[in-house]
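# Understanding the architecture of this molecule
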Amino acid sequence: MSFVKKIIKPVEVLVVASKTGRVTIKYPFEEPWISPEFRGKIEIDPTKCIGCGACVNACPPNALEMIESEDKKTLRYFVGRCIFCWRCIDVCPVGAIKGTRNFELATNDPLDLYDYIVHNRVKCRECGKVTGETTRMLKYVLEKAFVTENYNNKCPDCRKKIFINAISMRRTGPVGEKT
Ligand code: SF4
Ligand code: SF4
C-alpha cells in the first residue's frame, strides 16, 4: 500500500462511520434489541410434564436427562449444555415446554443452571414391582387409549401372565383345568 493510500484509508473509514452513526449500545445499561425469532432458554412446566422422556430422546447435546431411582424418575435440564434448538418443544406430547428469549444466564451459583422435575413411578398392583412408567404417564395413557382394568397399573411381566392366562382360558378353559 502506497503512503498516500495509507493516509486516505482511515479518512474513508471515518467518513463512512460518521454517516452510519453509532451501532453499539451501552449494554447492560440499555436494553438490547432481540429479534422475535431469537431462541433462548426453555422453561418446563412442572404441573404439565408427565415424565415421558420424549424430550430427552430428542435433545442433541443431552441437556435433558432422565435420572431413574428406586421409586422416582427425575427430569433434569442443564442449561449449560443447551444449544437452544427447541427440538424438545416440538416433541413434548403435552406442551409442557415453552421457549423464551432469555439469554442472560450468567450466574455465580452452578446450581442455578439446573432445573429438576421429580415424578413418582408406578408400582405394579399385582407383584409390587416398580414399573418404568410415571403415575402421570399412566394417567395420560389411560385418558388417550382404552386399557382394560385388568392390565392397567401392572408391570410388563404381570401383564404378560394375565394375557397368556386369558388366551389359554379361551382355548382350554382356566389354566390347570382338564379339557
Ligand atoms: S432446546 Fe435443544 S438443546 Fe436445549 S434442551 Fe431443548 S432439545 Fe435440548
Ligand atoms: S416431553 Fe414433555 S412431558 Fe415428556 S418428559 Fe419432556 S417435558 Fe415432560
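Overview of the structure. Since the model is a prediction, treat every value here as computed from it, not as a measurement.

Cut-offs and rules
- Residues numbered from 1 in each chain as written.
- Chains lettered and ligands numbered in written order.
- Predicted model: local features only at pLDDT ≥ 70, side-chain atom pairs only at ≥ 80, totals over all residues.
- Heavy atoms only, no water.
- Helix = DSSP H or I, 4+ residues; strand = E, 2+ residues; numbered from the N terminus.
- Near = heavy atom within 4 Å.
- Nonpolar A, V, L, I, M, F, W, Y, C, P; charged D, E, K, R; others polar.
- Core = buried A, V, L, I, M, F, W, Y, C linked by side-chain atoms within 4.5 Å.
- Buried < 20%, exposed > 50% of the residue type's maximum accessible area, 1.4 Å probe, protein only.
- Contact = heavy atoms within 4.5 Å.

## Some remarks on unusual backbone geometry
The phi angle of most residues is negative, glycine excepted, and most peptide bonds adopt the trans form. Cis geometry marks the peptide bond from Tyr27 to Pro28, where omega comes out at 10°. Counting through the fold element by element, Pro28 comes out in the loop between α1 (3-20) and β1 (42-44). If you check the backbone angles, Phe84 has positive phi at about 60° while not being a glycine. Checked against the element boundaries, Phe84 lands in the loop between β3 (72-78) and α3 (87-91). For Trp86, which is not glycine, the phi torsion reads 65° and is therefore positive.

## Here's the deal with the site of ligand 2
As a structural note, the neighbourhood of ligand 2 is formed by 13 residues, with Cys49, Cys52, Gly53, Cys55 and Cys92 the closest of them. Residue classes in the shell around ligand 2 are distributed as eleven nonpolar, two polar and no charged.

## Notes on the nonpolar core
Of all hydrophobic cores here, the largest spans 18 residues; its most connected members are Ile42, Ile44, Cys55, Leu64, Leu75, Tyr77 and Ile97. Listing elements by their share of this core, those giving two or more residues are β1, α2 (54-58) and β3. Look past the residues within four positions of Ile42 in its chain and what remains in contact with it is Tyr77, Trp86, Cys88, Ile89, Ile97 and Lys98.

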